[in-house]
Amino acid sequence: MITLIVFLPLLAAIIAGFGNRALGNTLAKSVTTGALSIACALSWPIFLGFLSGTMEASVVQVLPWVQSGTLTFDWSLRVDTLTAVMLVVVTTVSALVHLYSWGYMDEDPDQPRFFAYLSLFTFAMLMLVTANNLVQMFFGWEGVGLASYLLIGFWFRKPSANAAAIKAFVVNRVGDLGFMLGIFGTYLVFQTTSIPEILEAAPAMSGATIGFLGYRVATMDVLCILLFIGAMGKSAQLGLHTWLPDAMEGPTPVSALIHAATMVTAGVFMVCRLSPMFETAPVALDFVTFIGAATCIFAATVGTTQWDIKRVIAYSTCSQLGYMFFAAGVGAYGAAMFHLFTHAFFKALLFLGAGSVIHAMHHEQDMRYYGALRKEIPFTFWAMLAGTLAITGVGVYHLGVGFAGFWSKDAILEVAYARGTDLGNFAFWMGTFAALLTSFYSWRLMFLTFWGKPRWADSEHIQHAVHHGHDEPEEHNPAIQEDAGHDVTHTVPSPNYSAGTGGYHPHESPISMLIPLGVLSLGAVLAGQLFAPAFLDSAAFWNGSIFYNEPLIHAMHAVPTLVKYAAFIVMVLGLAAAYLAYIKDTSLPARGAEQLGPVYRFFYNKWYFDELYRMLFIIPAFAFGKAFWRFVDKGMIDRFGPDGAAWIVTKGSAAAKRVQTGYVYSYALVMLLGLVAAITWVLF
Amino acid sequence: MGFPILSIMLLVPLAAGLACLFLSAGAARMTALVATLVNLALGILLWLNYDIGGAQWQFTEEASLFAVFRYALGIDGIALMLIVLSVFLMPICILASWDAIRTRVGEYMAAFLFMELLMIGVFAAQDIFLFYIFFEAGLIPMYLIIGVWGGDNRIYASYKFFLYTLLGSVLMLIAMLWMVNEAGTTSIPVLMQYDFAPSAQTWLWLAFFASFAVKMPMWPVHTWLPDAHVQAPTAGSVILAGVLLKMGGYGFIRFSLPMFPEASAQFVWLIFGLSMVAVVITSLIALVQHDMKKLIAYSSVAHMAIVTAGLFAFNIQGLEGAMIMMLSHGLVSGALFLCVGVIYDRLHTREIERYGGLSINMPRYALFFLFFTMASIGLPGTSGFVAEFLSLAGVYQVSSGATLILTTGIILGAGYMLYLYRRVAFGEQVNADAAAMPDLNVREWVMLAPIAAAVLWMGIYPESFLAPMRQDIAALDARLARAAPEGDADVQIGEPNARAANYVAEEHAAAAEGAH
């Protein structure tokens, strides 16, 4: 069954990709969506089987891969609780995104290719989550990277999309460098790449030391940190996060599937998969906690200042991934996975909702041109509201009710507090403050988009639609229309764009887009309530597939009441602030930004990471490349090597010059004769 | 001695090559294609009949010529794989030249067929002088291919190519003569078991190094390669990258390592150092190239650096990784040069800026090009990954620092290859003539598809390629064991931690609960 789940999407991708135009849009879309629906339908019974305790972990061997000395690894599919959780997340969101794309990509000229990429991505992601050894995990890891590259650059005529695609791939490769070194080191220490064998042997190695780059360091710490660097790349953690916001150049369904619900959570999955190994590496775990907490707050601060609706959600994703990592760092892998699970639903919902808004607003992505859309696209509004309530963590502890994010985020904050270490407290405070900002930027997005007066008139996209009539296919081609780059031209931090509809009438999205929104809304509302006991409190549910820290979970439930309400309190504060600034007094944000000048600009410019990296890496890489080429290869090696020799030869002998100008045949003959003569002479 | 299949494989191109010299253009093309296909069939037969786990040297043939000169052929798994690579690429090269070569077609085809003869000869030779003759004579057809059918600056390029490679071979010849004198045999299998005095090994190693480093090519004697590639016709580049560069690696694995283990160990850091420099510097240089062929040529230097590092890791993973890298690079860079050739044939320029947006008018071409780009940057599932992964895993066991530097190649490689791909295949169709180019024709499809299949095969199930070499690599590893350098990891097992890192005392939790 698992073989079917994993390879159906691959088969569909091959059919749709190679069939392409011969197959036609409808058939290609049906094949891929059908395959994913089947995969999804087969995944849920597995998950429910693990939930009820009737399934046992198993491994299906597919094919041997490499056998080189003692370094051997196979293609194999592992299913246990952790995999089952990822299976339902991946196949469910993927199937819904496939369905959603029927509507969203309807007018794109290149649909089979899009659906083939989506299915290919799903295959790679499934290979990743079913990996039984580190190398197959790396295969999936790179496979999703490839699909991400192709999908970000799907509209390959756009320079910005191409740049974003390359950036995503290359930045991820920086992380992969760490991952690869981690695999090499793990093999060196354990003589295997099989994950169960490593996890079993890891505790015995916890006191070992290893030479690394000339230093003697704790073996497990260095291995785990190297592997975690890979996770930082894929999960866009601080330092290696710069590709994620740019990845929003891809079509919005892609953002929902890859850059919110599944691929970016691969890093969290990896840390949880290897959790018994990480538990032998205290320094590495501290590093994970710190990076997680720092990313969580960093991304939230940037998210509060962005105008592009997709970028706000992208930074929000980055921030939520930070929560997952510090939960793992303090030892609450169940909580990390739970947040991954709930986040997949509500973040995919928010992205698809944003896609629906963008679709309605004729591919305008700048929230300053939105406003008053509540009545125009009510279904999208309600779906987005469910997503917002989920991400901000609305729920009341003592009543035991709440939206999905309430259950998982509160658990993470409580466990960080309960951990009792300095770093745990740091993570708790950062997480709480980030929750405040989360609430602020999420409601800011809602208020700017759905409340207030319409501010559509000035949008080029809207004007375009009104003047040219938005039913002509080429006008509607998202390849030309979707464009996430307004922050460059408009730097005025004010939502007070001129009011008016510009004569434009937004339209609700087609049914194929609304069904996924409906299903995901259900998830955003119920996923927490339904599954919290299993994910958080049940060692039996996890059944050894992650490191389950029973005493820590007990401590988590015993934190002071104030801690339990911390997330709720900051959520209300954030909501109030957003209400004040974007509904009550809309001149407030501009004044605030002016007051906070440098701080605002620092946040608005994403802490200047892109500029810094450009200066540190990109410009020097090209400069050194040119310099090495001109001055070393040509200026030194060639000049004193072959060209120098040529100069001497041409100066020295006219005969040699004649040789060079043509008589290659005789030259060759002379060489061969000389060769034979030389050998003969020496031998006799 | 049974059926002399190796001699037949040498005779077929020889006879066909001689015939081509006297044939008309059309007949020469057909003769060359048939001859190379026959050799491909023979190569497959060779592979199928190779007894994995059997004798180390198989299909041996021997005949005394005059004096000490012997005609001795025979192959082990390593040679087998390289011969199969050569005969696999040859028909593709003939097809690639089908329309592109219009002048002196007979001579051109003859040069290619002689080339094939010499390549097979290099890998099959069991006599050190026979090897030398094949090894050096291999220069001549390539020299002619570049010099006669090359681009505008072909004389400079062919001359540079010749000068570099000849320089190394003179030293190698002297070393060979000394060795034969010392050991009293010209048989390569016997010499591979002979223990030279360590002090002599150093000099012999350096003499061989001079030749193999140029052929590889290693930094800083690599500058002939970009020029040679740029000037060579497409098929010339394919053979150059696909097989000729492998002769250096083959030399290391056949001569330097088994014959001079102590000296090899002594020079590990020279090799690692040059390899690290090559990976970083040539990758950066590749990033700023405007000429497609030059870019791929520089990327070849970076990939070959992984081969040298893997070979000198002195362990099975490194050696097998290096071998797979040679095979993989032969296929992938050959295919990349073909991809360049396909569009060069249409537009007659290699300037990257003259293209753009080819995904629109040449979608099938764009797909192949993307696939080989990904194989070149080592995407798992392609041969490039298995190669890189094994080599670097081998090097890691010797030095984590060297591995760190060498592994930056995966970042830089992704950088320059994707940058190239973007400028060629993505973006708007800014050049009208590039936008008017037709997609792949059947001939081009037939050239690229088999290579793609092989790359995928080697990436997903490399066992087919590893199995024939396993025994030979193990034997080499055993011979090298006495000199193998100490790794820098040196894991020392200490007292394990009593508790998990996030251990929380149950009492603490209970107390907190009480307080609450």
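Preceding this section is the structure that the text describes.
Parameters at a glance
Residues numbered from 1 in each chain as written. Chains lettered and ligands numbered in written order. Predicted model: local features only at pLDDT ≥ 70, side-chain atom pairs only at ≥ 80, totals over all residues. Heavy atoms only, no water. Helix = DSSP H or I, 4+ residues; strand = E, 2+ residues; numbered from the N terminus. Expected span 1.5 Å × (residues − 1). Buried < 20%, exposed > 50% of the residue type's maximum accessible area, 1.4 Å probe, protein only. Patch = residues over 30% accessible without salt bridge, like charges linked within 9 Å, V, L, I, M, F, W, Y side chains within 5 Å. Areas by Shrake-Rupley, 256 points an atom, 1.4 Å probe, with all protein chains shown as cover. Salt bridge = Lys/Arg side-chain N within 4 Å of Asp/Glu carboxyl O.

**A word on unusual backbone geometry**
The amide bond that connects Met216(B) to the next residue, Pro217(B), takes the cis arrangement and shows omega of -10 degrees. In this chain, Trp219(B) is followed by Pro220(B) through a cis amide linkage whose omega measures 5 degrees. By secondary structure assignment, the location of Pro220(B) is in the loop between helix H9 (198-215) and helix H10 (224-231). Even without a glycine there, the phi angle at His363(A) is positive, about 70 degrees. With respect to the helices, strands and loops of the structure, His363(A) is situated in the loop between helix H15 (333-360) and helix H16 (378-391).

**Overview of helix H4 (residues 111-129) of chain A**
Since the α-helix packs 3.6 residues into each turn, any two residues three or four apart lie on the same face. Look at H4(A): 27 Å from first C-alpha to last across 19 residues, which is about the 27 Å you get at 1.5 Å a residue. The element H4(A) is largely enclosed, with a buried count of 18 among its 19 residues.

**Some remarks on a nonpolar patch on the surface**
Together, Leu612(A), Met615(A), Leu616(A), Phe617(A), Ile618(A) and Ile619(A) make up a nonpolar patch on the protein surface, roughly 600 Å² of accessible area in all. A relative accessible area of 44% places Ile619(A) in the partly exposed class.

**A few points about the pattern of salt bridges**
Inspection of every chain in the model, using the stated rule, returns 23 salt bridges over all chains. Among the salt bridges present, the one from Asp99(B) reaches Arg443(B), with a minimum N-O distance of 3.5 Å. Separated by 344 residues along the polypeptide, Asp99(B) in the loop between helix H3 (77-96) and helix H4 (105-124) and Arg443(B) in helix H21 (residues 442-460) bring together distant segments of the chain. Its relative accessible area of 37% is what places Asp99(B) among the partly exposed residues. Residue classification places Arg443(B) among the buried residues on the basis of a relative accessible area of 15%. Across the salt bridge formed by Arg346(B) and Glu444(B), the nearest N and O atoms sit 2.8 Å from each other. Of the two residues, Arg346(B) sits in helix H15 (residues 316-347) while Glu444(B) sits in helix H21, which places them 98 residues apart along the sequence. Owing to a relative accessible area of 2%, Glu444(B) belongs among the buried residues under this scheme. What you see here is one network of salt bridges that share partners, running through Lys167(A), Asp246(A), Arg311(A) and Asp610(A).

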